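What follows is the residue order along each chain.
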Amino acid sequence: MSLVAHSLDVIKRLQSPTGAYPASPTFSAYRGYSWLRDGAFVAEGVSRHGDVAGADAFHAWCARVVGDRAGQVDSLVSRAARGQTVPVSEMLPTRFTLDGMDGADEWWDFQLDGYGTWLWALREHSARHGKAVPGAEKGVRAATRYLTAFWHLPCYDWWEEHVEQRHVATLGAIHAGLRAAVALGVLGAAEEAAAAEAAEGVAALVEREGVASGRLRKWLGGDAVDASLLACVVPFALYPAGHPVGAATVAEVERQLARDGGVHRYLADTFYGGGRWVLLAGFLGWNHAAAGRPAEARRYLDWMAAQATPEGDLPEQVSDLLLAPDRRQEWLDRWGPVATPLLWSHGMYLILADELGVRA
Ligand code: BGC
């Protein structure tokens, strides 16, 4: 079976009857949970390969889970409007149990990017297949009000770290999500105007404080790069591939973080020793493909495929080239072997395969 066919099969087989995509079915720390961030990219992958029903079910699940929290969103928004500082612990969660509950395990739970990424993926899916996901309106409107009110707050990043910072990849996801929500055409007039104004605020802030040496920075005011910034170019287009800042960001991430087809998260990474991430090779390849460099994109697709287990499953990261080798064992002891299969890795494989015309 090709890796495209296997990826579609793994994702379909593991999708919960509720519509949720588990991040990784057996990995100790992720088991039983679905992330908006991971799931949105998984849904984008299967949507591109014709699994319309699977993507519909995921988006309907998200809409229900977020829509069920519309009351919580409105109370958070009105507390903030009255000048109260809402504690991070009372914001919406980062991940949900497969049946849509908050879950009882401790997590790094205030992350805004997933809400934006979900709205972005929903809009891509709806536009691609020329139809709305039924019943999504309440969830879309709640997510939009949430992002409109809180986009400016520091929160944990894609890697669930540094809650004290404002992360540029997070801002890119929020910007894409707010624009997608407007394009979906289900917002009220006041919600739409506020969302559009917030999106402009995000772009202006990143332009002012998120650019250093002509390329994006990992967080406002910092100097490091992070591979999650690739998404600010393709697909989020905060700085499109043709913009000098977009092009310079992709080039700098590749220069600092890519090795022989695989991509590290950031230079100071110590998680499982800081290996190369399969899904990040997908983002870098996607950027090359979208910028008209198919041969470079193909190199990343081939590297991703070469990391599959004999059964065809893709891991979260591979450990042959580590940034911090002496930090690997502590994670093996804490959480066990690297998450495999990681559905987000398969989702990114599907996206990049589609960009390059590789089908099942
Ligand atoms: C990663 C997140 C990811 C989660 C589930 C974490 O280790 O930092 O980016 O969303 O795993 O896959």
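Note that the coordinates shown come from a computational prediction; the quantities given were computed from them, not determined experimentally.

A. Expanded view of the site of the ligand. Of all residues adjacent to the ligand, which total 13 residues, the nearest are Tyr-30, Arg-37, Asp-38, Trp-158 and Glu-160. Separating an oxygen atom of the ligand from a side-chain N or O atom of Tyr-30 is a distance of 2.4 Å. Take Asp-38: an N or O atom from its side chain is 2.6 Å from an oxygen atom of the ligand. Taken together, the residues of the shell around the ligand break down into eight nonpolar, no polar and five charged.

B. Structural context of the side chain of Asp-157. Here Asp-157 shows up in the loop between helix H6 (137-150) and helix H7 (168-184). Side-chain polar atoms of Asp-157 contact the backbone nitrogen of Glu-161, separated by 2.9 Å. Look past the residues within four positions of Asp-157 in its chain and what remains in contact with it is Arg-37, Gln-111, Asp-113, His-167, Thr-170 and Lys-218.

C. Quick peek at the packing of aromatic side chains. The final tally for this structure, using the stated rule, is 34 aromatic pairs. Judged by centre distance (4.7 Å) and plane angle (75°), the ring pair of Trp-107 and Trp-108 falls under edge-to-face. Here the basic side chain of Arg-299 rests over the ring of Tyr-300, its NZ or CZ set 5.2 Å away from the ring centre.

D. Local environment of the environment of Arg-31. Here Arg-31 lies in the loop between helix H1 (3-14) and strand E1 (33-35). Considering only alpha carbons, one finds Arg-31 and Gly-50, 19 residues apart in sequence, at a separation of 27 Å. With residues near it in sequence (within four places) discarded, Arg-31 still touches Ser-24, Pro-25 and Thr-26.

E. Representation of the side chain of His-125 in the model. One can find His-125 in helix H5 (residues 113-129). Ignoring sequence-local partners within four residues, the contact set of His-125 consists of Ser-47, Val-52, Ala-55, Asp-56, His-59 and Val-133.

F. The arrangement of unusual backbone geometry in detail. Cis peptide bonds are those with omega within 30 degrees of zero, and the linkage from Val-234 to Pro-235 qualifies with 15°. One can find Pro-235 in the loop between helix H9 (230-233) and helix H10 (244-257). If you check the backbone angles, His-162 has positive phi at about 55° while not being a glycine. The topology assignment puts His-162 in the loop between H6 and H7. Even without a glycine there, the phi angle at Ala-237 is positive, about 60°. Looking at the secondary structure, you find Ala-237 in the loop between H9 and H10.

Each value, and the rule that gives it
- Residues numbered from 1 in each chain as written.
- Predicted model: local features only at pLDDT ≥ 70, side-chain atom pairs only at ≥ 80, totals over all residues.
- Heavy atoms only, no water.
- Near = heavy atom within 4 Å.
- Polar contact = N/O pair within 3.5 Å; in protein donor to acceptor, adjacent residues only side chain to side chain.
- Nonpolar A, V, L, I, M, F, W, Y, C, P; charged D, E, K, R; others polar.
- Helix = DSSP H or I, 4+ residues; strand = E, 2+ residues; numbered from the N terminus.
- Contact = heavy atoms within 4.5 Å.
- Phe/Tyr/Trp six-rings, centres within 6.5 Å; stacked < 30°, edge-to-face > 60°.
- Lys NZ or Arg CZ within 6 Å of the ring centre and 35° of its normal.

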